[in-house]
Amino acid sequence: MNAFYEHHQNSISMHYACFDRILLDARIPAFLDGARAMGFFSHDRGLFPVHKNDLVKISTDYERWVREQVQSSQCPLLEDPEERRDKFMEPYFASAQPDQIVGIIKAREPGRIMTAVGLKGKSTHLESKFRWVNQYNFYIQDRDFGPIFVRICPYFPFSARLCLNQHDWIANRLRQQGIEVQQRDNSFVACCDPNALQKIADALTAQDLTACGRKWIDRLVPFFSAHERNHLGCEHRFYFKQLEFCDNLIFRERAVLDALHDRLLDSNRKLGSPDQVAVVFGQRITRQHNGRLQTTLEDLHLGQPVLRALFKHSVLKNYVRGGNTEFGGVDRVEVATNDVTDFRGILKGVENLPLVRERFSQITTNFRNAQQDILQTFLDRGELHHLAQPTVTGQKRVPGLKLDNPRQLGLMHALVAFSHVLAGHFTTSEVYPRVLQALGFTAEQYKLNSLRYDLSKLRAKALVEKIPRSRRYRLTAEGYRISLIYLKLFHKLYAPLTAGMIHPFAGDRLCPVTRTSTLDQLYLAVGQALDNLIREIGLEVAA
């Protein structure tokens, strides 16, 4: 459970987390190598050498088989529509029966095919190439996963792609158990047994994905016999192409959700700004990193803006969706990736599903916790005083932390960036450019050794810890909280109040109080209260 949910649970009717869209590539590993493919044709099919015409005949036979299936099953063969395919195919699923192919879209798309290199009558060899070819997208009402599509490349070795959605799989399981659930726009908004929903969501295994994929690919690729699949290595293996994992909070009232989300968007704009407050993927960032690493607020012109954080081939999004008289709306945090190897220790094979679930669940939890810290950070009595005191370790005396020290604030500013929370670790050389940017200094004005000295102050207070046997550091949960406190106190309290007193903006006096923002009215009230306190205790400003 995350801190965000615990703090706002009185306004939340349901919480669940699951995979959303799951896109799998299917291929036969043995036939990625041309020599092994030639060996299959020679040894098992009695065909050697293999020429271009032989491969063309294989694809022609498959296209003939597809036309026969269309005629026998009355399944429509459709051209590629201009609109989104899933929207275009929705009417075809309206009256679909379990395990029924409702339609086939023929479209020209890139795919890996085997090509024959060499002249006819002479020795040839096979090479695997990417080519734009006509492929067949089978839209299916699967018995377990609901609406899915399977894309088959008609050229040897028949690479394929499978698209599933766990929301539909969960809904089918719940109905089989007699549990009522309401689904809106690819989200669950109500369930009579939320615990059972989450238990089913966590029960999805790699075997479930593989079973669905093999059932349909074995049926849609008749080129290989059962014996060849089972005993000669002609079985398709499945790999993650794209994955989406979402953490969903269903609020009772939309007004509460909108107000909360507006505060989050405003805080993410102002506290470090989105391009620096990038998000928390639990992965280290090195100098070799050349992908995207930033956070942006998008679709601000629409009613539902999206906080989007980028990391390599992965993205984290936070947005609000839905909402009517039945439920307030869904606050969704979604992690999506086009390459699971962005995350250390995870490979593309579907057998890595448990690792992916664990990592993505931790990312969404980290993000929820960080957002709650941004919304509301608690400070114990005397904690600031303790942090300001020097720390003695052995015979070494390390100075304490100062609220108005720009170098210290610049370092904290860089460390709370979501990119480091997502990355999990950092080195001084990695965080150094962000500190320079936050301070507006050059490398001559603020050297790397100065940063290491400032970092030692945070280490002395156990806000940053060094990872054993490495040059990497980790910002602790307490360090994240304290850094936010210092940044909030300085940037949102100390600096605005002193600026308003010492260098007031003349135009503000001409603006009616009712026309100013709530935050400006609160700053004004604090300033007036301080003026009254000064007069009451007899302090006067020198002339």
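To be clear, the structure that these remarks concern was listed above.
Our subject in this report is the structure included herewith. Small disclaimer: the values here were computed from a predicted structure and weren't measured. (Residues numbered from 1 in each chain as written. Predicted model: local features only at pLDDT ≥ 70, side-chain atom pairs only at ≥ 80, totals over all residues. Heavy atoms only, no water.)

**Re the overall build of the protein chain**
No. 1: Summing up its helical and strand segments, the protein chain has 17 helices and 17 strands in all.
No. 2: Put simply, the protein chain has 543 residues, and 48% of those count as buried.
No. 3: If you take every contact in the protein chain between residues at least 6 apart in sequence, the share linking residues at least 24 apart comes to 68%.
No. 4: Accessible surface, the protein chain as shown: approximately 28,000 Å² in total, 51% of it carbon and sulfur. (Helix = DSSP H or I, 4+ residues; strand = E, 2+ residues; numbered from the N terminus. Buried < 20%, exposed > 50% of the residue type's maximum accessible area, 1.4 Å probe, protein only. Contact = heavy atoms within 4.5 Å. Areas by Shrake-Rupley, 256 points an atom, 1.4 Å probe, with all protein chains shown as cover.)

**A closer look at the environment of G349**
No. 1: Relative to the elements of secondary structure, G349 occurs in the loop between strand 13 (329-337) and helix 10 (353-375).
No. 2: When its relative accessible area of 6% is taken as the criterion, G349 is described as buried.
No. 3: For the pair G349 and R237, spaced 112 residues apart in sequence, the C-alpha separation works out to 8.0 Å.
No. 4: Apart from residues lying up to four places away in sequence, G349 is in contact with F238, Y239 and F240.

**Considerations on the pattern of salt bridges**
No. 1: This structure, assessed with the given rule, holds 24 salt bridges.
No. 2: Where E90 meets K87, a salt bridge forms, and the shortest distance between an N and an O atom there is 3.7 Å.
No. 3: Residues R474 and E465 are paired through a salt bridge, measuring 2.7 Å at the closest nitrogen-oxygen approach.
No. 4: Given the relative accessible area of 30%, R474 is considered partly exposed.
No. 5: Within the structure, one salt-bridge network assembled from shared partners comprises D80, R85, E109 and R151. (Salt bridge = Lys/Arg side-chain N within 4 Å of Asp/Glu carboxyl O.)

**So, helix 5 (residues 166-176)**
No. 1: Across the 11 residues that make up helix 5, a large majority, 8, are buried.
No. 2: Looking at helix 5, one finds that the buried residues are Q166, H167, D168, W169, I170, A171, N172 and L174.
No. 3: Its side-chain oxygen placed 2.8 Å from the backbone nitrogen of H167, N165 serves as the N-cap of helix 5.
No. 4: Positive phi shows up at G178, right after helix 5, with a value of about 75 degrees. (Polar contact = N/O pair within 3.5 Å; in protein donor to acceptor, adjacent residues only side chain to side chain.)

**Regarding empty space enclosed by the protein**
No. 1: Within this structure, the stated rule accounts for 1 cavity of 30 Å³ or more.
No. 2: Here the largest cavity defines a volume of roughly 40 Å³.
No. 3: Considering the residues around the largest cavity, the lining is formed by R184, D185, S187, V189, R321, G322, F327 and V330.
No. 4: Residue classes in the lining of the largest cavity are distributed as 3 nonpolar, 2 polar and 3 charged. (1 Å grid on protein atoms, 1.4 Å probe; cavity = no way out; pocket = protein on both sides within 12 Å on 5 of 7 lines; lining within 4 Å. Points joined across faces, edges and corners; volume = space filled by probe spheres on them. Nonpolar A, V, L, I, M, F, W, Y, C, P; charged D, E, K, R; others polar.)

**Structural notes on helix 15 (residues 448-460)**
No. 1: With 13 residues, helix 15 should cover 18 Å at 1.5 Å per step; its first-to-last C-alpha distance of 19 Å lies within 8% of that length.
No. 2: By the burial criterion, the buried members of helix 15 are L451, D454, L455, S456, K457 and L458.
No. 3: Where the residues of helix 15 are buried, they touch strand 15 (396-398), helix 12 (406-415), helix 14 (428-439), strand 16 (464-466) and strand 17 (473-475). (Expected span 1.5 Å × (residues − 1).)

**Focus on the layout of surface pockets**
No. 1: In this model, the largest pocket occupies a volume close to 1,500 Å³.
No. 2: Every residue lining the largest pocket is counted, 38 residues in all, and those nearest its centre are R84, D86, E90, N165 and N186.
No. 3: Considering every element that reaches the lining of the largest pocket, the biggest residue donor is strand 5 (residues 146-152), with 5 residues.
No. 4: Residue classes in the lining of the largest pocket are distributed as 12 nonpolar, 7 polar and 19 charged.

**Quick look at the nonpolar core**
No. 1: Of all hydrophobic cores here, the largest spans 86 residues; its most connected members are F138, F156 and L220.
No. 2: For this core, the element with the highest residue contribution is strand 1 (residues 12-27), accounting for 8 residues.
No. 3: If we ignore the near neighbours within four places in the chain, the residues touching F156 are F31, A37, F40, F41, L55, I58, I113, M114, F223 and F224.
No. 4: Grouped together as the second largest cluster of nonpolar side chains are 24 residues, F426, L436, Y473 and I482 included. (Core = buried A, V, L, I, M, F, W, Y, C linked by side-chain atoms within 4.5 Å.)

**Remarks on unusual backbone geometry**
In most cases, non-glycine residues show a negative phi, while peptide bonds are predominantly trans.
No. 1: Here the residue pair F48 and P49 is connected by a cis peptide bond, since its omega of -5 degrees sits within 30 degrees of zero.
No. 2: A cis amide bond links F156 to the next residue, P157, at an omega of 15 degrees.
No. 3: One non-glycine residue with positive phi stands out, namely A462, at about 60 degrees.
No. 4: Although it is not a glycine, R469 sits at a positive phi angle of roughly 55 degrees.
No. 5: Relative to the helices and strands, R469 resides in the loop between strand 16 and strand 17.
No. 6: On the basis of relative accessibility, which here comes to 84%, the residue R469 falls in the exposed class.

**Some details on the side chain of T391**
No. 1: Of note, T391 is situated in strand 14 (residues 391-393).
No. 2: We classify T391 as buried; its relative accessible area is 15%.
No. 3: For T391, the side chain forms a polar contact with the side chain of K461, separated by 2.9 Å.
No. 4: With residues near it in sequence (within four places) discarded, T391 still touches K396, R397, V398, A460 and K461.

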